[in-house]
Amino acid sequence: MKITDYPTNINLGCGNDIRKDFFNVDIHGFHKPDLVSDVTELKELPSNCFKYALANDILEHIPRHRILNTLREWNRILCMDGEL
């Protein structure tokens, strides 16, 4: 996908909360997200792509030693004026 093909919003660790007008990401395919991926490493996604990232009830599931790198990764996919 090209960067212009993505919606401006991303829902990280969506679970059953699949949102319209969001790019939904979850590690479990049975939730039927747009992308099945570990949200701590989003290599499939381009940098500076999303204006808004929703990470509802997900950070507590990430091991403490991986939090800093996860936040860096989420920052990478956000636009300069993006909001987490």
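Look up a bit, the structure's there.
For clarity, every value in this text was computed on a predicted model and none was experimentally measured. (Residues numbered from 1 in each chain as written. Predicted model: local features only at pLDDT ≥ 70, side-chain atom pairs only at ≥ 80, totals over all residues. Heavy atoms only, no water.)

S.K.: Just checking my understanding: could you explain the pattern of salt bridges for this structure?
M.R.: Pairing between side chains of opposite charge can happen when their charged atoms approach one another. Inspection of the entire model under this criterion finds five salt bridges. Between Arg19 and Asp17 there is a salt bridge; the shortest N-O distance is 2.8 Å. Measuring nitrogen to oxygen at the nearest pair gives 2.9 Å for the salt bridge that ties Arg76 to Glu73. Taken together, the residues Arg76 and Glu73, both in helix α1 (residues 67-77) and three residues apart, mark about one turn of the helix. We classify Glu73 as buried; its relative accessible area is 13%. One network of salt bridges, with partners in common, ties together Asp38, Glu41, Lys43 and Arg66. (Salt bridge = Lys/Arg side-chain N within 4 Å of Asp/Glu carboxyl O. Helix = DSSP H or I, 4+ residues; strand = E, 2+ residues; numbered from the N terminus. Buried < 20%, exposed > 50% of the residue type's maximum accessible area, 1.4 Å probe, protein only.)

S.K.: I keep staring at the packing of aromatic side chains and nothing clicks. Help me out?
M.R.: Aromatic ring pairs are defined here through the distance separating the ring centres and the angle between the ring planes. Tallying each qualifying case throughout the model produces four aromatic pairs. Each ring, one from Tyr6 and one from Phe50, has its centre 5.8 Å from the other, and the planes form 70°; the classification is edge-to-face. With a gap of 44 residues between them, Tyr6 in the segment before β1 (9-12) and Phe50 in strand β4 (residues 50-54) connect regions that are remote in the sequence. A single burial state applies to Tyr6 and to Phe50, both of which are buried. With a centroid separation of 6.2 Å and 75° between ring planes, the pair formed by Phe22 and Tyr52 is classed as edge-to-face. (Phe/Tyr/Trp six-rings, centres within 6.5 Å; stacked < 30°, edge-to-face > 60°.)

S.K.: Whenever I open this one, the nonpolar core confuses me. Can you help?
M.R.: Nonpolar side chains in soluble globular proteins tend to be buried together. One finds Ile10, Leu12, Phe23, Leu45 and Phe50 to be the most contacted residues of the largest nonpolar core, which totals 18 residues. Sorting the residues of this core by element identifies β1, β2 (23-26), β4 and α1 as the ones contributing at least two each. What Ile10 contacts, discounting residues up to four positions off in sequence, is Phe22, Phe23, Val25, Leu45, Phe50, Tyr52, Ala53, Leu54 and Ile77. (Core = buried A, V, L, I, M, F, W, Y, C linked by side-chain atoms within 4.5 Å. Contact = heavy atoms within 4.5 Å.)

S.K.: Sorry, what's going on with unusual backbone geometry here?
M.R.: Only a minority of non-glycine residues have a phi that is not negative, and only a minority of peptide bonds are not trans. Notably, Asp21 is not glycine yet its phi reads approximately 65°, a positive angle. Take Asp21: it is sitting in the loop between β1 and β2. Overall, Asp21 belongs to the exposed group, its relative accessible area being 57%. Of note in the backbone geometry, Lys32 takes a positive phi value of approximately 60° without being a glycine.

S.K.: Explain the sheet that holds strand β5 (residues 78-83) to me, please; I cannot follow it from the model alone.
M.R.: Overall, parallel pairing links the five strands, which are arranged β3-β2-β1-β4-β5 in an open sheet. Pairing within the sheet leaves two strands with one partner each, and these edge strands are β3 (35-36) and β5. Note that β4 and β5 share two bridges and pair parallel. Bridging across to β5, Tyr52 finds its partner in Glu83. (Pairing = 2+ DSSP bridges.)

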